[in-house]
Amino acid sequence: PDGTLDSSFSSSIDFTTNSPLKDIELLADGKILIGGGTFNGLLRRLNSNGSIDSSFPSLSLAGSIEAIKIRPDGKILIGGGFNAGINNVYKKLALIDANGVLDTTFNATTMDGLVTDIFLKPDGKIIIGGSFTNFNGIPRKSLAQVNADGSLDTSAQFGTMPSSFALLDFDVQPDGKVL
C-alpha cells in the first residue's frame, strides 16, 4: 500500500525483450493469470506469492497473447496474435477452461491482425479491439462484437475507422458507448 516493493512476491518467470508481459488478470482466489510473449505466446497462472501454479498447464502458442479476460463462469478469454490451437483452428481469439484446457466448443475465429483488448458485456457478448480489418472474412475494422460462443454478432456496427488505425485499448461506458 505504501508503494514499496513486496519482497514476499517472487516469480521465476523471466520475460525477456522477446517475451514481454502483455496482460494480467487477478482471480477471485488470489491467483494471477499472466499473458504475453512476442514470439511464443504464453499463458501462465501464478499463486498469490508469485510462484508458478503447477496445477495449471502452461499454454504456449505461436504468436503473442495480448489480452486476457475472465468470464463469470471462470473460463478465460485470450486474444492476441497467435495462430495455433487445437488442429490450428483458433486464431487471434480463444476460450480456455478454468483448468487451462482449450475449449473446443468456442467457435473458431480468424482475423487478419491482433486482438489487443477484450471487454465482457453483462449480456455475455464480447467486444474485441485490435488491428484487424475482418472477422472470419466479414469486414470489421479494429472493433467487433462477438457472441458468447465465439461467433461474430453481425448486428453490432461500430462505424468506420481510418485504414491505418490500430486500436490498442478501449473501454465501454455505462450507456454502452465505446471509448
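Rules behind the numbers
- Each chain has its residues counted from 1, following the order in which its sequence is written.
- This being a predicted model, a pLDDT of at least 70 is required before a residue's local features are given, and a value of 80 or more before pairs of side-chain atoms are given or counted; all residues contribute to the totals for chains, interfaces and linings.
- In computing side-chain properties, one takes all heavy atoms of the structure into account and sets aside hydrogens as well as water.
- Strands are runs of DSSP state E lasting at least two residues, helices are runs of H or I lasting at least four, and both sets are numbered from the N terminus onward.
- For the exposure calls, accessible area comes from a 1.4 Å probe over protein chains only, and a residue counts as buried if that area is under 20% of its type's maximum, exposed if over 50%, partly exposed in between.
- Here, residues are in contact when the closest pair of their heavy atoms is within 4.5 Å.
- Each accessible area is a Shrake-Rupley estimate made with a 1.4 Å probe; only the visible protein chains count as cover when residues are assessed.
- Note on pairing: DSSP must find at least two bridges between two strands before they are called paired.
- Axes here refer to lines fitted to C-alpha atoms; in helices the fit is confined to the stretch in contact. Angles between the N-to-C directions go from 0 to 180 degrees.
- We define a nonpolar core as any set of buried Ala, Val, Leu, Ile, Met, Phe, Trp, Tyr and Cys residues linked to one another through side-chain atoms lying within 4.5 Å.

K.L.:
Which residues make up the overall build of the protein, and what are the values?
P.N.:
Across its full length, the protein carries 0 helices and 12 strands. A total of 179 residues make up the protein; the buried ones form 42% of that total. Sequence separation of 24 or more characterises 32% of the internal contacts of the protein that already satisfy a separation of 6 or more. Of the roughly 9,200 Å² of accessible surface on the protein, a fraction of 53% belongs to carbon and sulfur atoms.

K.L.:
Tell me about the pairing of strand β2 (residues 32-36), and please be specific about residues and values.
P.N.:
Of all 5 residues that make up β2, 5 are buried, and the element is covered over most of its length. What you see with β2 is no split at all: Ile32, Ile34 and Gly36 on one side and Leu33 and Gly35 on the other are buried throughout. In terms of strand pairing, strand β1 (residues 21-26) meets β2 through 5 bridges, oriented antiparallel. Looking at the pairing, Ile24 lines up with Ile34 of β2. Here β1 folds back onto β2, and the loop between the two strands holds 5 residues, one of which, Gly30, carries a positive phi near 90 degrees.

K.L.:
Break down the sheet that holds strand β5 (residues 65-70) for me, with residues and values.
P.N.:
Backbone hydrogen bonds are what pair the strands of a sheet, in a parallel or an antiparallel way. Ordered in space as β5-β6-β7, the 3 strands form an open sheet in which the pairing is antiparallel. Of all the strands in the sheet, the pair left with one neighbour each is β5 and β7 (93-96). Taking each pair of neighbouring strands and ignoring which way they run, the sheet shows an average axis angle of 20 degrees. In the sheet, β5 pairs with strand β6 (residues 76-80) via 5 bridges, with the strands oriented antiparallel. Within the sheet, the bridge partner assigned to Ile65 lies in β6 and is Gly80.

K.L.:
Mind laying out the nonpolar core, listing which residues take part and the relevant values?
P.N.:
Leu77, Leu93, Met111, Ile118, Ile126 and Ile128 are the most contacted members of the largest nonpolar core, which totals 15 residues. Residue assignment for this core shows that the elements contributing at least two residues are β7, β8 (115-120), β9 (126-130) and β12 (143-146). Beyond its immediate stretch of four places on either side in the chain, Leu77 contacts Ala67, Ile68, Lys69, Arg71, Leu93, Ala94, Leu95, Phe106, Ile118, Leu120 and Ile126. The next biggest cluster of nonpolar side chains, apart from the first, holds 14 residues, and it includes Leu27, Leu59, Ile68 and Phe82.

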